[in-house]
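Working through the structure, step by step
So you can see what is in the structure, the chains are spelled out below.
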Amino acid sequence: MTSSSFATGFVLGLTLIVAIGAQNAFVLRQGLRREHVGAIVAFCAIADALLMLGGIAGLAQVLGHRPMLAAALTAGGALFLAVYGLRALMRARRGGTLAAAEGAAPLTLAAALAQTAAFTLLNPHVYLDTVLLVGSVGAQMGEARWWFGAGAASASLVWFTSLGFGARLLAPVFAKPRAWQVLDALIGLTMLGIAALLVQRLVVSLNP
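My aim in this report is to walk through the structure given alongside it, one point at a time.

Analysis parameters
Here the residue index of a chain counts from 1 through its sequence in written order. pLDDT decides what is reported in this predicted model: residues at 70 or higher carry local features, side-chain atom pairs at 80 or more are listed and counted, and totals for whole chains, interfaces and linings draw on all residues regardless. The basis for the side-chain values is all heavy atoms of the structure; hydrogens and waters are excluded. By definition, any uninterrupted DSSP run of H or I lasting at least four residues is a helix, any uninterrupted run of E lasting at least two residues is a strand, and each is numbered from the N terminus. Relative accessibility under 20% of the residue-type maximum defines a buried residue, over 50% an exposed one, and the middle range a partly exposed one, all with a 1.4 Å probe and only protein chains included. By nonpolar core we mean a set of buried residues, namely Ala, Val, Leu, Ile, Met, Phe, Trp, Tyr and Cys, connected to one another through side-chain atoms within 4.5 Å. A contact between two residues is defined here by any heavy atoms of the two lying within 4.5 Å. Stacked, tilted and edge-to-face pairs are distinguished by plane angle, under 30 degrees for stacked and over 60 for edge-to-face with tilted covering the rest, among Phe, Tyr and Trp rings (Trp via its six-membered ring) whose centres lie within 6.5 Å. Any residue with an atom within 4 Å of a point lines the site, the site being either a cavity, points on a 1 Å grid over the protein atoms alone where a 1.4 Å probe fits but cannot get out, or a pocket, an open set with protein on both sides within 12 Å along at least 5 of 7 lines. Grid points are joined across faces, edges and corners, and a volume is the space filled by probe spheres set on the points. Here the term charged refers only to Asp, Glu, Lys and Arg, the term nonpolar to Ala, Val, Leu, Ile, Met, Phe, Trp, Tyr, Cys and Pro, and the term polar to all other amino acids, Gly among them.

Further remarks concern the environment of Val-83. On the secondary structure map, Val-83 appears in helix α4 (residues 67-94). A relative accessible area of 43% means that Val-83 is categorised as partly exposed. Put simply, Val-83 and Thr-120 are 37 residues apart on the chain and 23 Å apart in space, counted from C-alpha to C-alpha.

Now the structure itself:
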């Protein structure tokens with residue numbers, strides 16, 4: 001149970017975080033420039049972990065006394081993942097690239113962390129993905145919820161570490177629309193699969 005919960009959290013966390021966006025482009029850019037990479041990766045991973053685990057802890061306490069609210073959030077999470085998955089499959093048809101701008105002046109550590117914080121915390125989707133979605137799914141896993149949270153947080157750490165420190169290897173790959181088409185297709189199918197599992201869990205909870 002613990003290993004499967006960890007794996008589920010890891011897969012969900014990875015599918016939510018791997019996307020073309022300003023935060024990933026900034027981490028990739030700093031990785032290419034080899035500027036404050038460790039500090040930036042640590043900030044992104046720690047911020048995600050705190051938001052995810054905070055969401056799980058808070059929602060677990062709330063949902064423990066409100067089974068109908070838990071059912072509603074499960075249904076909402078399944079719907080969100082299904083829509084997110086379908087959107088990923090639509091993106092897979094179009095393709096896209098993750099470009100890291102070059103040529104800007106070097107950043108101080110404080111400036112780099114300030115930009116990282118802005119890209120991370122001023123994005124409303126980060127709270128929807130980490131606090132609400134990961135939190136609501138993890139909160140319903142009982143004692144295994146912390147393994148689920150650890151898996152989701154580990155996915156964030158693995159992704160940002162790979163993106164920052166492996167930038168010179170990953171940049172040519174992410175510059176190819178075909179690579180993102182394949183990735184988005186995998187993300188879409190994975191999210192639809194997790195949505196189906198949530199629906200199954202909901203049906204079981206409503207029909208004990």
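Another point: unusual backbone geometry. Located in the positive-phi region is Arg-34, a residue other than glycine, with phi close to 55 degrees. Mapped onto the secondary structure, Arg-34 falls in the loop between α2 (22-33) and α3 (37-63). Take Arg-34: its relative accessible area is 61%, and that puts it in the exposed class. Although it is not a glycine, His-36 sits at a positive phi angle of roughly 50 degrees. Of note, His-36 is situated in the loop between α2 and α3.

A word on the nonpolar core. Counting 38 residues, the largest nonpolar core has Leu-12, Leu-81 and Val-134 as its most contacted members. Of all elements in the fold, only α1 (2-17), α2, α3, α4, α6 (124-139), α7 (145-165), α8 (167-174) and α9 (177-206) reach the threshold of two or more residues within this core. Every residue in contact with Leu-12, bar those within four places of it in the chain, is listed here: Leu-81, Val-134, Val-137, Phe-148 and Ile-194.

This part takes up the packing of aromatic side chains. Scanning the model with the defined rule gives one aromatic pair in all. Between Phe-26 and Phe-119, the aromatic rings sit 5.2 Å apart at their centres with planes inclined by 45 degrees, giving tilted as the arrangement. Of the two residues, Phe-26 sits in helix α2 while Phe-119 sits in helix α5 (residues 109-121), which places them 93 residues apart along the sequence. Residue classification places Phe-26 among the buried residues on the basis of a relative accessible area of 5%. Taking the relative accessible area as the measure of exposure, Phe-119 reaches 31% and is therefore partly exposed.

This paragraph deals with the layout of surface pockets. By volume, the largest pocket is sized at about 670 Å³. Lining the largest pocket are 25 residues, and of these Leu-16, Ala-19, Tyr-84, Asn-123 and Asp-129 lie nearest its centre. Residue assignment for the lining of the largest pocket shows that the elements contributing at least two residues are α1, α2, α3, α4, α5, α6 and α9. If one sorts the elements of the lining of the largest pocket by residue count, α4 sits on top with five residues. Considered class by class, the residues forming the lining of the largest pocket number 12 nonpolar, eight polar and five charged. For the second largest pocket, the calculated volume is near 180 Å³. If you trace the second largest pocket, you find 11 residues lining it, with Thr-8, Met-141, Leu-197, Leu-198 and Arg-201 closest to the centre.

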